[in-house]
Amino acid sequence: MSQTTTQEPRPRTDSDGATPEAPRRPVSPQWAAWAFLAPVTLYLGLFYAYPLYRNIDLSLRHYTVRSFVRGDAPFTGLANYRMVFDDPTFAPALTHTVVFTGVCLVFQYAIGLALAVFFHQNFRLSATLRALFLVPWLLPLIVSASTWSWMLNSDSGIVNAVLHAVGIGPVNWLTSPSWSLASVIIANIWIGVPFNLVVLHSGLQSIPASLYEAAAIDGANAWQRFWHITFPLLRPVSAITLLLGLVYTLKVFDIIWIMTKGGPADSSTTFATWSYQLGFGNLLPAFGPGAAVGNLLVLAALVFGLIYVRVQRKQALS
């Protein structure tokens, strides 16, 4: 009886004798998207979400130096927020924060828009002068604030020297409760104008020149062209510029602290400087109330951010 042997099928080979590889399963687009999002998600979690969570937890507990190290601070709920609201510094700090933010935003935007329209003419040396205007924005804040402190010094400052030359008496810019807030506002406006100039100038570049030509043919003057063409078409860029400026101005600390330290007599204290004073400016730091003041700033920025998103959504749907 003959036995039949079963031979296993040979693998298929190419013309050159090489065995082709098995086809790979395609990578799911969803997994690829998560792979790209992972670094950003990790960064936001470590440097934004976790510090925010820790700050909220800090504001809801009674922390001392000992309990801060040991991590056994008792939970107090909203007691720190009630302490902040009842503090006599709350009302002046809130007023100074609103005035400081509002005045800086208005003047930074107005001056930045005027300069952007001016440099949009593309005259000779336009690019060079525009680059020079970026110097305040590029300098470290400690350098800018120290420079303004020297310029506004009551005894040896160049500003008082100029006032004396024109017959005006010296002004105690940094040591007078009537002038300290105005001094830090002037310095912050000077620092923030270049940012508005750059963003608004880039927005002007996207407006078609044909619109201005058509308006000029119809007899529109320069002001009418600005009010009916430039300003409306620049509205989306203006909105994001003002939002970013608002968030930045709310948290300004370096300039105020270096120039006046929030004084004299809390005349230039804002929420940013008050939060630092509560948490780190005393021998017995009040970590909880300091964190509560910081959270109020975060809440204000969040509210304005949500308002911006809502307005943009309505404009997109209309």
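Below, the structure is looked at part by part. Because the structure is predicted, anything quoted here is derived from the model rather than measured.

### Brief notes about the overall build of the protein chain
When you go through the protein chain residue by residue, the secondary structure sums to 15 helices and zero strands. Relative to the compact-globule value of 20 Å for 318 residues, the protein chain shows a C-alpha radius of gyration of 30 Å, a clear excess of over 25%. Referenced to the eigenvectors of the C-alpha coordinate spread, the extents of the protein chain come out at roughly 130 × 75 × 40 Å. Considering the protein chain as a whole, with its 318 residues, one finds that 33% of them fall into the buried category. Across the protein chain, contacts joining residues at least 24 apart in sequence account for 64% of those joining residues at least 6 apart. Put simply, the protein chain shows about 20600 Å² of open surface, and 67% of that area lies on carbon and sulfur atoms.

### So, the packing of helix 10 (residues 209-217) against helix 11 (residues 222-233)
It is at 10 Å that the axes of helix 10 and helix 11 come closest, and there the two elements cross at 160 degrees. Taken together, the axes of helix 10 and helix 11 lie roughly antiparallel to each other. Of the two possible hands of crossing, helix 10 and helix 11 adopt the one that is right-handed. Where helix 10 abuts helix 11, its residues Leu-211, Tyr-212, Ala-215 and Ala-216 lie against Arg-225, Ile-229, Thr-230 and Leu-233.

### Observations concerning the pattern of salt bridges
Taken as a whole, this structure holds three salt bridges when the rule is applied. With its nearest N and O atoms 3.7 Å apart, the salt bridge here joins Arg-70 to Asp-72. Through salt bridges with shared partners, a single ionic network connects Arg-54, Asp-57 and Arg-61.

### Things to note about the packing of aromatic side chains
Inspection of the entire model under this criterion finds 20 aromatic pairs. With 5.2 Å between their ring centres and 85 degrees between their planes, Phe-85 and Phe-90 make a pair best called edge-to-face. You can call Phe-85 partly exposed: its relative accessible area is 43%. Site record: aromatic cluster; members linked through ring pairs are Phe-253, Trp-257, Tyr-276, Phe-280 and Phe-287.

### Regarding the environment of Arg-313
The residue Arg-313 is located in helix 15 (residues 287-317) in this model. For the pair Arg-313 and Val-198, spaced 115 residues apart in the sequence, the C-alpha separation amounts to 25 Å.

### Looking at a nonpolar patch on the surface
Side chains of Leu-125, Leu-129, Leu-132, Phe-133, Val-135, Leu-139, Ile-142, Val-143 and Trp-190 sit close together on the surface and give an oily, nonpolar patch of about 770 Å² of accessible area. Going through the elements one at a time, helix 5 (126-132) and helix 7 (141-151) are the ones with two or more residues in the nonpolar patch. Its place among the elements puts Ile-142 in helix 7. With a relative accessible area of 54%, Ile-142 lands in the exposed category.

### What about the side chain of Thr-269?
Relative to the helices and strands, Thr-269 resides in the loop between helix 13 (254-259) and helix 14 (271-280). In this structure the side chain of Thr-269 is engaged in a polar contact, spanning 2.8 Å, whose partner is the backbone oxygen of Gly-262. Discounting chain neighbours no more than four positions away, the residues touching Thr-269 are Thr-89, Pro-92, Ala-93, His-96, Gly-262, Trp-274 and Gln-277.

### Section: unusual backbone geometry
With an omega of -5 degrees, the peptide bond running from Gly-263 to Pro-264 counts as cis. Note on placement: Pro-264 falls in the loop between helix 13 and helix 14. Non-glycine residue Ala-265 carries a positive phi angle of around 55 degrees. Inspection of the secondary structure puts Ala-265 in the loop between helix 13 and helix 14. Look at Ala-265 and you get exposed, because its relative accessible area is 74%. A positive phi angle is found at Asp-266, which is not glycine, with a value near 60 degrees. Of note, Asp-266 is situated in the loop between helix 13 and helix 14.

### Here's the deal with helix 3 (residues 79-86)
Looking at helix 3, one finds that the buried residues are Asn-80, Tyr-81 and Val-84. The buried side chains of helix 3 occupy one side of the element, clustering within an arc of 100 degrees when seen end-on. Where the residues of helix 3 are buried, they touch helix 1 (29-59), helix 4 (90-119), helix 14 and helix 15.

Conventions adopted
- Residues numbered from 1 in each chain as written.
- Predicted model: local features only at pLDDT ≥ 70, side-chain atom pairs only at ≥ 80, totals over all residues.
- Heavy atoms only, no water.
- Helix = DSSP H or I, 4+ residues; strand = E, 2+ residues; numbered from the N terminus.
- Rg over C-alpha atoms; globule rule 2.2 N^0.38 Å.
- Buried < 20%, exposed > 50% of the residue type's maximum accessible area, 1.4 Å probe, protein only.
- Contact = heavy atoms within 4.5 Å.
- Areas by Shrake-Rupley, 256 points an atom, 1.4 Å probe, with all protein chains shown as cover.
- Axes fitted to C-alpha atoms, helices over the stretch in contact; angles between N-to-C directions.
- Parallel < 35°, antiparallel > 145°, perpendicular 65-115°, else oblique.
- Left-handed = near helix turned anticlockwise from the far one by under 90°.
- Salt bridge = Lys/Arg side-chain N within 4 Å of Asp/Glu carboxyl O.
- Phe/Tyr/Trp six-rings, centres within 6.5 Å; stacked < 30°, edge-to-face > 60°.
- Patch = residues over 30% accessible without salt bridge, like charges linked within 9 Å, V, L, I, M, F, W, Y side chains within 5 Å.
- Polar contact = N/O pair within 3.5 Å; in protein donor to acceptor, adjacent residues only side chain to side chain.
- Arc of directions from axis to C-beta.

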